[in-house]
Amino acid sequence: MHVSAFRPWLMAAASLVAVAAATSVQAQDASQDAALTAQEQPIEVIITTQKRSQAQFKVPVAVTAVSQSFMDEVGINDFAQLSRFVPGFEVQDQSPNNPGFVIRGITSDSGESVGETRVSVFQDGVSISRSRGSYVELFDLNRVEIAKGPQSTLFGRGALIGAVNIIQAKANPTAFAASAALSLGSLDYRQFDAMINLPLGDTAAVRVAGRTKSRDGYTENLLGGEAFNSLDTDAARISFNWQPTEAFNLDLIYNFQQDGNSGTGFKSGTFVPTDPTTGQVLGDTSPFTGAALVATDGFKGGRELGLDRTVEGTTLLMTYRLSPAFSLTSTTAVRRFNSSEVFDADGFSLGLLTAAEDAKARQASQEIRLNYDGDRLSWFAGASYFDEHGSQHVPLQIDELGYLALLNNLLNPAQPATSAQIRAGLGATSYAPFVSFLKANHREAYTNFGDTTSTDVFGDLTYRFTPKFELSLGVRYTQDDKTSGYRAEVSDNSGLAALQVANAATTAWATQFFLTNGFPPSALQQQGYFQAQFGGALALPLGLTVQPTNGRIDKPFEDDGVTWRLAGRYEFSPQVSTYLSFATGRQPKTFSGSAPSLPGGAPRFTEAAAETVDSVELGVKSRLMNGRLIWDSAVYNYDYQNFRTTVQTGPTTFEERSAGEANAYGVETQTRFRARPGFDLFASYAYSHARFGNGLYEGNSFRLNPDHKLSLGAHFVRNSGGAVWTVTPTYSWQSEIFFDDDNDLNDAKQDEVQKAYGLLNLRFGYAPDNARWKLELFVDNATDKNYLKDAGNTGDGVGIPTFIEGAPRTYGLTFRIRN
């Protein structure tokens, strides 16, 4: 079902919620929650990072907890916006299908099916970390917890260097609730959020929440049609709660999301955009102006550029309190995602490289955990099971004529030729006899498969030696049975590949002829040998970027490992505490499949040894001025062994390889100050020095990691003239980042980099006294700052890097109402 088919149902349900909310305004006591603000709510957030409810002050982990009320105050709707206010956390939202989650310099964005993530994303403790299914809408939440540092002991799968846990709002039997929010803005931005919570007697409730969001693209399509980098998402959640006794609680949650964004704006920084039919120049190579991108005719059945993605999952949470000290928790989940994205990989209108990615996975998991919480001792122990079957299919269509012209520097960047002009131009060169063998739509593809069955056993305890000093120790053992699979296909023999094979064979033959005879072969001999080799190569199913395999080939393997943490916490006073922690993180070994060197050969499976990290962290947490001032800081150092990086081995082919040792150290601080009721100040800063120690990229910076990152903001509430007025300015800034681990040092021009920049956002609100509604004006990127979201990409593999611009200034209005 396409996004457009899902939206009418969601909009209808949301409208009913809005009516219910509006009606209930008259029935409720207007003295409750009159200003529709969070100005009187406590600024300390209760979290469950250590699998029990604790004030953030009590947890010996560098964790940032962001409540739904704070997200509403500052206008956070997605992960990228959230990351601006979390020190040590970055999110690159190239598209919902290809996000990059970064914690303290470590990036998780690989779409391969067999590897594990380094930064894990969870929904209510259930792993949703696989890259193509992890970017979900943030709506109707309780909070989001971002725990930094190795968190394998507490969270398990993939939490090598951190974990993001989305805690969703659950159905509540104690009270009816309803709310709705409608946003309209520039670029035809439309977002509608709605929620209704219905008690079903005293022991059960159902909660329905949804979001529909759309926005035109902000990168102009110079060929007409839909602009690039648009938004088109619908999401819904249904949750059921049952509490038959005080000791038992059950939550059943179903999530569904569809995305149908227009094409990602990969724009060439080498070739100007032109009309593919006439060759007329339509623009320039600036990443901040329009692009001329095309989906080649017939590719993927005539699919347009863009994304079609579905993500859904069901989670069952059960907790049974055995006694005042003991409780038993079960978490059961099933999940699947299916995404297909078509993109113009070369970034200009020639149709040189058109690519797609079809990713899908089915996941099932079960965790059982026993908790004990006593006066001096708290602990939990449990076991978990995880099963996943996924694949990533990457088809590619290549214009062999254009590709040959590119390889031989026959394309003019300032005036790229049309396909007809390229064919005619090649006809006037030494390649003329072979032009008829070259195809404008040669197709080939590869698929990687990943099957994982994993079991964990884990335990963690905290012992309070005195009221001021406690020690926490945790350990987790993981055993994985994995299968890495690979398949490559060539739909028609490549004339250009045959030409390359014949050239290489003739060169080698001529060299050997000279070494044997002492003189070179004649031109006629070379021509004859070349023609024989070319004819033989044409008979083979040769590919340009991959060679075909005989179907799917699998590589089964096993892996196991232990991770642990040790943390000591000392509370100087009820206002100030410190902690020191040591921890290990581990990413299991993997085998990445790649194409054989000859058609029909066996694929190569390259082993990447288990990546490990040793961490030490010292933190200070303070709650001063009767809790009105929160200030948390941490310093850390990480040492990595077998640090992995993704290396591009062809236009659309990648391999995970060990880059040797690496090191990261840094400082993080975050604060929130309630100067008085209705006036909050908040800020964060992170310094992250993450560098390769040896191997492939010795001395280079980690990709997507700024050395410095800063955020500042204020939330001001004032009662005046019979109304409540709010003002919320925020500013986020980061230093220079590179988009690839090679830091673009291998290119003639180092342009795949984003220099330091900052974004200013503004929000203004108005609500009449004792009203249940509020009107907000928002301006994002108020100074209209130009910045890049990504650079390099697939095109960089053939020497023509592409660039994706970030969103320009946008503005609009939001209307909120609740019971």
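Structure shown above.
Cut-offs applied
- Residues numbered from 1 in each chain as written.
- Predicted model: local features only at pLDDT ≥ 70, side-chain atom pairs only at ≥ 80, totals over all residues.
- Heavy atoms only, no water.
- Helix = DSSP H or I, 4+ residues; strand = E, 2+ residues; numbered from the N terminus.
- Rg over C-alpha atoms; globule rule 2.2 N^0.38 Å.
- Contact = heavy atoms within 4.5 Å.
- Areas by Shrake-Rupley, 256 points an atom, 1.4 Å probe, with all protein chains shown as cover.
- Expected span 1.5 Å × (residues − 1).
- Buried < 20%, exposed > 50% of the residue type's maximum accessible area, 1.4 Å probe, protein only.
- Arc of directions from axis to C-beta.
- Pairing = 2+ DSSP bridges.
- Core = buried A, V, L, I, M, F, W, Y, C linked by side-chain atoms within 4.5 Å.
- Polar contact = N/O pair within 3.5 Å; in protein donor to acceptor, adjacent residues only side chain to side chain.
- Salt bridge = Lys/Arg side-chain N within 4 Å of Asp/Glu carboxyl O.
- Axes fitted to C-alpha atoms, helices over the stretch in contact; angles between N-to-C directions.
- Parallel < 35°, antiparallel > 145°, perpendicular 65-115°, else oblique.
- Left-handed = near helix turned anticlockwise from the far one by under 90°.
- Nonpolar A, V, L, I, M, F, W, Y, C, P; charged D, E, K, R; others polar.

> Got a minute to help me understand the overall build of the protein chain in this structure?
Counting its regular elements, the protein chain contains 9 helices and 41 strands. Here the C-alpha atoms of the protein chain give a radius of gyration of 28 Å, agreeing with the 28 Å that 2.2 N^0.38 yields for 819 residues. Considering only C-alpha atoms, the protein chain reaches an extent of 95 × 55 × 45 Å along its principal axes. A fraction of 70% describes how many contacts in the protein chain between residues 6 or more apart in sequence connect residues 24 or more apart. Carbon and sulfur atoms provide 57% of the accessible area of the protein chain, an area that totals close to 31500 Å².

> Honestly, helix 9 (residues 523-538) in this entry has me stumped. Any pointers?
An ideal rise of 1.5 Å per residue puts 22 Å on 16 residues; helix 9 measures up with 22 Å between its terminal C-alpha atoms. Every buried residue of helix 9 is accounted for by Phe-530, Phe-534 and Ala-537. All buried residues of helix 9 lie within an arc of 65 degrees about the axis, which places them on one face of the element. Relative to its buried face, helix 9 has exposed residues pointing more than 90 degrees away, namely Leu-524 and Ala-532. Elements in contact with the buried residues of helix 9: helix 8 (495-517).

> What should I look at first to understand the sheet that holds strand 40 (residues 802-805) in this one?
Backbone-to-backbone hydrogen bonds join strands into a sheet, with any given pair of strands oriented parallel or antiparallel. Pairing within the open sheet is antiparallel, and its 3 strands lie in the order 16-40-39. Single-partner strands in this sheet number two, and they are strand 16 (267-268) and strand 39 (788-792). Here strand 16 pairs with strand 40 via 2 bridges, running antiparallel. Bridge pairing in strand 40 links Ser-268 to Thr-802.

> Any chance you could explain the nonpolar core here in plain terms?
Where a protein is soluble and globular, its nonpolar side chains tend to be buried together. By size, the foremost hydrophobic cluster in this structure holds 40 residues, and its most contacted members are Phe-79, Leu-82, Phe-89 and Tyr-640. The residues touching Leu-82, leaving out its near neighbours within four places in the chain, are Val-66, Ile-76, Phe-89, Leu-138, Val-144 and Ile-146. Residues Phe-343, Phe-348, Leu-404 and Ala-537 belong to the second largest nonpolar core, which totals 36 residues.

> Any chance you could explain the sheet that holds strand 3 (residues 62-67) here in plain terms?
An order of 3-9-10-7-8 is seen for the 5 strands of this open sheet, with the pairing classed as mixed. Looking along the sheet, the strands with just one partner apiece sit at the ends: strand 3 and strand 8 (126-127).

> Just to check I follow, could you spell out the side chain of Arg-215 for this structure?
Among the structural elements, Arg-215 can be located in strand 13 (residues 204-215). Polar side-chain contacts of Arg-215 include one of 2.5 Å to the backbone oxygen of Asn-229.

> It is not clear to me how the pattern of salt bridges should be interpreted in this structure. Could you clarify?
Pairing between side chains becomes possible if they bear opposite charge and their charged atoms approach one another. Applying the stated criterion across every chain, the model contains 41 salt bridges. Notably, a salt bridge pairs Arg-552 with Asp-554, separated by 2.6 Å at the nearest N-O pair. For Arg-552, a relative accessible area of 34% gives the class partly exposed. Asp-554 sits in the partly exposed class, given a relative accessible area of 38%. Among the charged side chains, a salt-bridge network with shared partners connects Asp-72, Arg-763, Lys-774, Glu-776 and Arg-816.

> Mind showing me how you'd approach the pairing of strand 12 (residues 189-199) here?
Sheet faces and side chains relate simply in a regular strand, where the side chains alternate between the two faces. Counting buried residues along strand 12, 8 of its 11 residues qualify, which places the element largely inside the surrounding structure. As paired strands, strand 11 (residues 177-185) and strand 12 are joined by 9 bridges and run antiparallel to one another. Bridge pairing links Leu-182 to Phe-192 in strand 12. Hairpin connection from strand 11 to strand 12: 3 residues lie between these consecutive antiparallel strands, with Leu-187 at a positive phi of about 55 degrees. Note that strand 12 and strand 13 share 10 bridges and pair antiparallel. Bridge assignment links Asp-193 to a residue of strand 13, and that residue is Arg-211. Here strand 12 hands over to strand 13 after 4 residues, with Gly-201 in that stretch at a positive phi of 85 degrees.

> Explain the packing of helix 8 against helix 9 to me, please; I cannot follow it from the model alone.
For any two helices packed against each other, one specifies the crossing angle of their axes together with the interaxial distance. Contact pair helix 8 / helix 9: the axes reach a minimum separation of 8 Å and the direction vectors enclose 140 degrees. Between helix 8 and helix 9, the crossing angle belongs to the class labelled oblique. Note that helix 8 runs across helix 9; the crossing there is right-handed. Contact with helix 8, carried on its side by Gly-495, Ala-498, Leu-499, Val-501, Ala-502, Asn-503, Ala-505, Thr-506, Trp-509, Ala-510 and Phe-513, involves Gln-525, Gln-526, Tyr-529, Phe-530, Gln-533, Phe-534, Ala-537 and Leu-538 of helix 9 and no other residues of that element. Here the contact of helix 8 with helix 9 is composed, by residue class, of 13 nonpolar, 6 polar and no charged.

> What is the right way to read the packing of helix 6 (residues 400-407) against helix 8 from this model?
Where helix 6 meets helix 8, the axes come as close as 9 Å, and the angle between the chain directions of the two elements is 40 degrees. As judged from the angle between their axes, helix 6 and helix 8 are oblique. Each of Glu-400, Tyr-403, Leu-404 and Leu-407 in helix 6 lies in contact with helix 8, whose residues at this interface are Gly-495, Leu-496, Ala-497, Leu-499 and Gln-500.

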